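Observations on the model geometry
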Amino acid sequence: MNEGFDIKKLHNLDKSELKKIINTLSSLDIIKVVVPVGVEFIVNSNLLVDNFGDGFKEIQDILKQQYNQLIDVDYSSDIQKLGYAFIDVIYLLGDDIDNFDNVDFFNFDKNAINEIFSNIENMELLRIIAPVVVNYLLSLDSVKQAIEKTGFTMEDLGLTSDIDYVYELMCIKGIYGKLTELNIKRVDGKIDLTSINEDNIDGFVDELFKSNIIKKALPVVVSSLLSSNMPEEFSNIITKEEVEKINWEKEFTPLLKAAATLIKTNILNSENKVEAIMNLDDSIIAELGTNLSKSELFVNNLDEIIIELLKTILGNDVVYEKLDPSKGEVWTDQEIISLFKAFKKLSKGLSFELSDSEIEEMADILSSSTFIKKNLNNIISSLTGELGVEIILL
């Protein structure tokens, strides 16, 4: 009885034998005759328009302009490359080819991925028709509407007619290679970032920004993510205009490393994120300080962020002074680390029953932060209920 074709069965066949079949098919003389004739018929007739509507007229016209290139394509070679890529995909997915829920997309064999992309990249036909097909798809109202539902436009995402989409496809190969080095896992159908390898983030970001689409789209996407995920009290601090002015090739690495640190603490899933920040372990604070001090976006807005944090802890009655860069007061890694440690101590309340060692620790933490020294008396007044305490830190 005929059970029909089962693509999973191909995985059980010898790979070299499958490639021999592809070699035989791609070298058939009939391909060298029939395919060019078919191309000539499609290009010089109204087949696309007659069967698929006026929307295909632009594609038909472009194909006519590229007729000579299409006829000169080595279709036997392209069919062989496409066949090899197909076989590699079959072996890569294995028994999970019909159940993507079980596929760990973050840990494919990097060499197999490179082989697939290299075969596709070297197809002559792809280089000719990819821009035509992609630009047509992007011109469809249904595609535009789908993208607009996400809150973005084509231009926002860098999907413009001047993009080299074959180059972008090859960028994906490099990005994926670096992605596999981050140790991202898929557990029970969910992405697990808790074991991410921060040492390899630099290489991943370098590869990421080789893509012109990503260079254009990232500022807009980041702005949207910030506005939708930032706690309400911080939502007006970082503006869209500021985000789009940032040099994201430099900015993305420290922010990604800081995000990786926060993910490991599970702080992003906390109901009270401000309280969770105030209870961070000192080693986590040190990592955050090191990375956040390298972020232009964070440092430029840190005064406002810290003041909002203080308002959350102490209320809105305290008036704060910001750092003054003209006096050499800047947000260094040590300043950020000291500040977080100080807030961690102060958020637990001020006690007059501290031991000598606790007093010394508190003094060291407070005196190492310029921001705290500028604002300590106001903070202490708030914590002690206006007892008239004044502290001078040298």
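Just above sits the structure.
Notes on the structure in this doc start here. (Residues numbered from 1 in each chain as written. Predicted model: local features only at pLDDT ≥ 70, side-chain atom pairs only at ≥ 80, totals over all residues. Heavy atoms only, no water.)

1. Examining helix H7 (residues 110–121)
In plain terms, the rule: Counting from the N terminus, the helices are DSSP H or I runs at least four residues long and the strands are E runs at least two residues long. The span expected for a helix works out to 1.5 Å for each residue beyond the first. Type-normalised accessible area, obtained with a 1.4 Å probe on protein chains alone, sets the label of each residue: buried when under 20%, exposed when over 50%, and partly exposed for intermediate values. Note that the arc is defined by the directions from the helix axis to the C-beta atoms. Contacts are assigned to residue pairs with any non-hydrogen atoms lying within 4.5 Å of each other. Polar contact is the term for a pair of N or O atoms within 3.5 Å; when the atoms are in protein, one must be able to donate a hydrogen and the other to accept it, and sequence-neighboring residues count only if both atoms are side-chain atoms.
When the terminal C-alpha atoms of H7 are compared, their 16 Å separation across 12 residues agrees well with the 16 Å that a helix rising 1.5 Å per residue should span. Of all the positions in H7, only Ala112, Ile113, Ile116, Phe117 and Asn119 are classed as buried. Taken around the axis of H7, the buried residues stretch over an arc of 160°, which confines them to a single face. On its buried side, H7 packs onto helix H6 (75–93) and helix H10 (165–179). The N-capping residue of H7, defined by a side-chain oxygen 2.8 Å from the backbone nitrogen of Asn111, is Asp109.

2. Some remarks on the pattern of salt bridges
Where we set the bar: Any carboxyl oxygen of Asp or Glu that lies within 4 Å of a side-chain nitrogen of Lys or Arg is treated as forming a salt bridge with it.
One pass over the structure, following the stated rule, counts 9 salt bridges. A salt bridge links Glu121 to Arg127, with the nearest nitrogen and oxygen atoms 3.8 Å apart. By relative accessible area, Arg127 is classed as partly exposed at 44%. Across the pair Glu321 and Lys374 runs a salt bridge whose closest N-O atoms are separated by 3.7 Å. Highlighted residues: Glu321 in the loop between helix H17 (296–314) and helix H18 (333–346) and Lys374 in helix H20 (residues 370–383), separated in sequence by 53 residues. Here the salt bridges share partners, and the residues they tie into one network are Glu321, Glu329 and Lys374.

3. Quick look at the side chain of Ser295
Looking at where Ser295 falls in the secondary structure, it is placed in the loop between helix H16 (282–292) and H17. Relative accessible area serves as the criterion here: at 1%, Ser295 is assigned to the buried category. Within the structure, the side chain of Ser295 is placed 3.1 Å from the backbone nitrogen of Phe298, a separation counted as a polar contact. Leave out the neighbours within four places in its chain, and Ser295 touches Glu251, Pro254 and Leu255.

4. A short note on helix H14 (residues 248–265)
Between its terminal C-alpha atoms H14 stretches 25 Å, which fits the 26 Å expected from 18 residues at 1.5 Å a residue. Capping of H14 at its N-terminal end is provided by Asn247; its side-chain oxygen lies 3.2 Å from the backbone amide nitrogen of Glu249. Taken from the residues just after H14, Asn266 is the one with a positive phi, measuring 65°.

5. Considerations on the packing of H6 against H7
Using the following cut-off: What counts as an axis is a line fitted to C-alpha atoms, over the stretch in contact for a helix, and the angles between N-to-C directions run from 0 to 180 degrees. Each angle gets one of four labels, with under 35 degrees taken as roughly parallel, over 145 as roughly antiparallel, 65 to 115 as roughly perpendicular, and the rest as oblique. Two helices that cross are described as forming a left-handed crossing if the nearer one is turned anticlockwise from the farther one by less than a right angle, and a right-handed crossing if clockwise. Each residue receives one of three labels: charged for Asp, Glu, Lys and Arg, nonpolar for Ala, Val, Leu, Ile, Met, Phe, Trp, Tyr, Cys and Pro, and polar for the others, Gly being one of them.
Relative to each other, H6 and H7 sit at 155°, their axes nearing to 8 Å. Considering their axes alone, H6 and H7 lie roughly antiparallel with respect to each other. Read as a crossing pair, H6 and H7 show a hand that is left-handed. Taken together, the residues of H7 that come into contact with H6 (itself represented by Lys81, Tyr84, Ala85, Asp88, Val89 and Leu92) are Ala112, Ile113, Glu115, Ile116, Asn119 and Ile120. Here the contact of H6 with H7 is composed, by residue class, of 8 nonpolar, 1 polar and 3 charged.

6. Side note on the packing of H7 against H10
Running from amino to carboxyl end, H7 crosses H10 at an angle of 175°, the nearest separation of the two axes being 10 Å. With respect to their mutual orientation, H7 and H10 come out roughly antiparallel. Residue-level contacts link Lys110, Ile113, Asn114, Phe117, Ser118, Ile120 and Glu121 of H7 to Leu169, Met170, Ile172, Lys173, Tyr176 and Gly177 of H10. Counted by class, the contact of H7 with H10 contains 7 nonpolar, 3 polar and 3 charged residues.

Remember, this is a structural readout, not a statement about activity or role.
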